[in-house]
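# Summary of structural features
Listed below are the residues making up each chain.
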Amino acid sequence: MSDLTVAGSVPADRLTTSPKRLQWSSRMAFILAAAGSAVGLGNIWKFPYITGENGGGAFVLVYLACILLIGIPVMMAEIMIGRRAQKNPTDAMAALALEAKASKLWQGVGWMGVITGFLILSFYTVIAGWAVSYIFTSGSGAFTDITPDQAGAMFGAMLADPVRLLSWSTLVVILTMYIVGRGVSAGLEKAVSYLMPGLLILILIMVGYAMSTGHFMEGLEFLFAPDFSKLSTESVLVALGHAFFTLSLASGAIMTYGSYLPKNTSIVKTSIAVAIVDTVVALLAGMAIFPIVFAYGLEPGAGPGLIFVTLPIAFGQMPFGIVFGTLFFVMLSIAALTSAISLIEPAVAWLTEKCQFSRLKACVTSGLVLWILGVGTVLSFNIWEQHKIFGKNFFELIDFLTANLMMPLGGLLVAIFSAWIINSKVAEQELGLGKGICFKLWQLTMRYLTPIGIVVVFLNALGVISL
Ligand code: TRP
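Small disclaimer: the values here were computed from a predicted structure and weren't measured. (Residues numbered from 1 in each chain as written. Predicted model: local features only at pLDDT ≥ 70, side-chain atom pairs only at ≥ 80, totals over all residues. Heavy atoms only, no water.)

## What about the side chain of S418?
The line we're drawing: Secondary structure elements follow DSSP: runs of H or I of four or more residues count as helices, runs of E of two or more count as strands, with numbering from the N terminus. Whenever two N or O atoms come within 3.5 Å, that pair is a polar contact, provided that in protein one can donate a hydrogen and the other can accept it, and provided that, for residues adjacent in sequence, both atoms are side-chain atoms. The contact criterion used is simple: two residues touch if any of their non-hydrogen atoms lie within 4.5 Å.
Here S418 shows up in helix α16 (residues 394–421). Within the structure, S418 has its side chain in polar contact with the backbone oxygen of A415 (distance 3.2 Å). Residues contacting S418, with those up to four places away along its chain left out, are A77, M80, A427, W442 and M446.

Okay, here's the thing in structure tokens:
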């Protein structure tokens, strides 16, 4: 990454560090990269559709609680681990376990993270491909005065065509690998500093349109009025999994980014800033989409196609819809790309640091494996749609495995590791919270609340206990 400047000197109290380890040029560069990683398809595509599938308000409330009580503290822990060790996730866990005289097995957490990120990216590139494809659909004026049925048919036609889906996702894989391989993320990070506010403004314009539909209050009520009778035990697990997904946790991404963070930066403030930006974008996306859903008699639980069916209707009605629509999908694609590069970075860091691969070779290798896995997701929207294992097709299975099992488990282990295994003094010093109540609060959360919370949600979803 050329946005990272080579660290001039290595602090003496560090663990063994390579003298050439890269560093972010400033705190802002890190925040931008971390926010770029966090804000993505998870906020604009996934959050609205899972909210729709899980009944709205009560789900949103549980999700917000998970961000606050589990997501933010775990994010602090991951940045702390990465920065302390100055290594890729597997070596970072191994080094800190060694420092704490704990078992080397802890590096398994790093491994699981790298694999989780990789699996997520295999479907993420396919969905990002939908967004890229819609740039051109919108640009051609195809949304003008489109009816809900036509919007559904247009999206359905895209899903039914594996060659089209694969072509777009291939383009996304190539772009991601090019950016990561050539280390040109500096340009991208700079672009993001304009594009993120741009995306936010466009979402606000969509919220403005949603207000004009006459169904705004209905949308708000769906999002914010909790009706706990609609909340299933699995919904709680989905909300927990999504908190990890949307903040890019338990996958090595934030840990790797943290390893490039200069020592004098506040981990706490940075984590909170990233979480706030991420949550605001997701809630605004929901506020833009649900009023449109109700205004046009669509189904909130329509699944992964929700934004691709609702937003075109809005763009087709509003003034300058072609311009706004095209811009929107351009920005969504870029938001997806900045997340994609963070999903692959841990695997690339691992291949280069561990297997002595050149950056280029690491990218080509991981790109190929990703692409092959991506074919599975492409086919699960058409030819393999009915091929189910445990009642789920390939895409649903990978999504469930990563978001609902691997990430909560990874988060649980990171919490235990950072609050029970790492020496309190080390954690205190890295987090920079001083000896005060704030550190104690973080430690108590990570020692008890987070692990117990995750275990209870798991057991509840499995039906072992019932709340
Ligand atoms: N957080 C991103 C989003 O919401 C996706 C993402 C990027 C991610 N890196 C990750 C998800 C690591 C899980 C793990 O779109």
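## So, the packing of helix α4 (residues 89–99) against helix α5 (residues 107–139)
The cut-off we apply is this: Simply put, an axis is a line fit to the C-alpha atoms, just over the touching stretch for a helix, and the angle between two N-to-C directions goes from 0 to 180 degrees. Any angle from 65 to 115 degrees is called roughly perpendicular, while one under 35 is roughly parallel, one over 145 is roughly antiparallel, and all others are oblique. By definition, any crossing whose near helix is turned counterclockwise from its far helix by less than a right angle is left-handed, and any crossing with a clockwise turn is right-handed. Under the scheme applied, nonpolar residues are Ala, Val, Leu, Ile, Met, Phe, Trp, Tyr, Cys and Pro; charged residues are Asp, Glu, Lys and Arg; polar residues are all the others, including Gly.
Relative to each other, α4 and α5 sit at 165 degrees, their axes nearing to 7 Å. Accordingly, the angle class assigned to the pair α4 and α5 is roughly antiparallel. You can see that α4 and α5 cross each other, and the crossing is right-handed. Across the interface between the two elements, P89, T90, M93 and A94 from α4 touch Q107, V109, G110, W111 and V114 from α5. Class assignment of the residues belonging to the contact of α4 with α5 gives a composition of six nonpolar, three polar and no charged.

## Regarding unusual backbone geometry
Rules: Here the term buried applies to any residue with accessible area under 20% of the maximum for its type, exposed to any over 50%, and partly exposed to those in between, with areas from a 1.4 Å probe on protein chains only.
The backbone of Q86 shows a phi angle near 55 degrees, a positive value even though the residue is not glycine. The residue Q86 is located in the loop between α3 (57–85) and α4 in this model. Under the relative-accessibility criterion, Q86 is labelled buried at 7%.

## Observations regarding a nonpolar patch on the surface
Here is the rule: Candidates for patches are residues over 30% relative accessible area with no salt bridge; among them, like charges are joined within 9 Å and nonpolar side chains (Val, Leu, Ile, Met, Phe, Trp, Tyr) within 5 Å. Method for areas: the Shrake-Rupley scheme with a 1.4 Å probe, in which residue coverage is limited to the protein chains shown. We count a salt bridge whenever a side-chain nitrogen from Lys or Arg sits within 4 Å of a carboxyl oxygen from Asp or Glu.
Taken together, L200, L204, I272, I276 and V280 make up a surface patch of nonpolar side chains, about 390 Å² in accessible area. Elements with a minimum of two residues in the nonpolar patch: α8 (185–212) and α12 (267–295). Looking at which element gives the most residues to the nonpolar patch, the answer is α12, with three residues.

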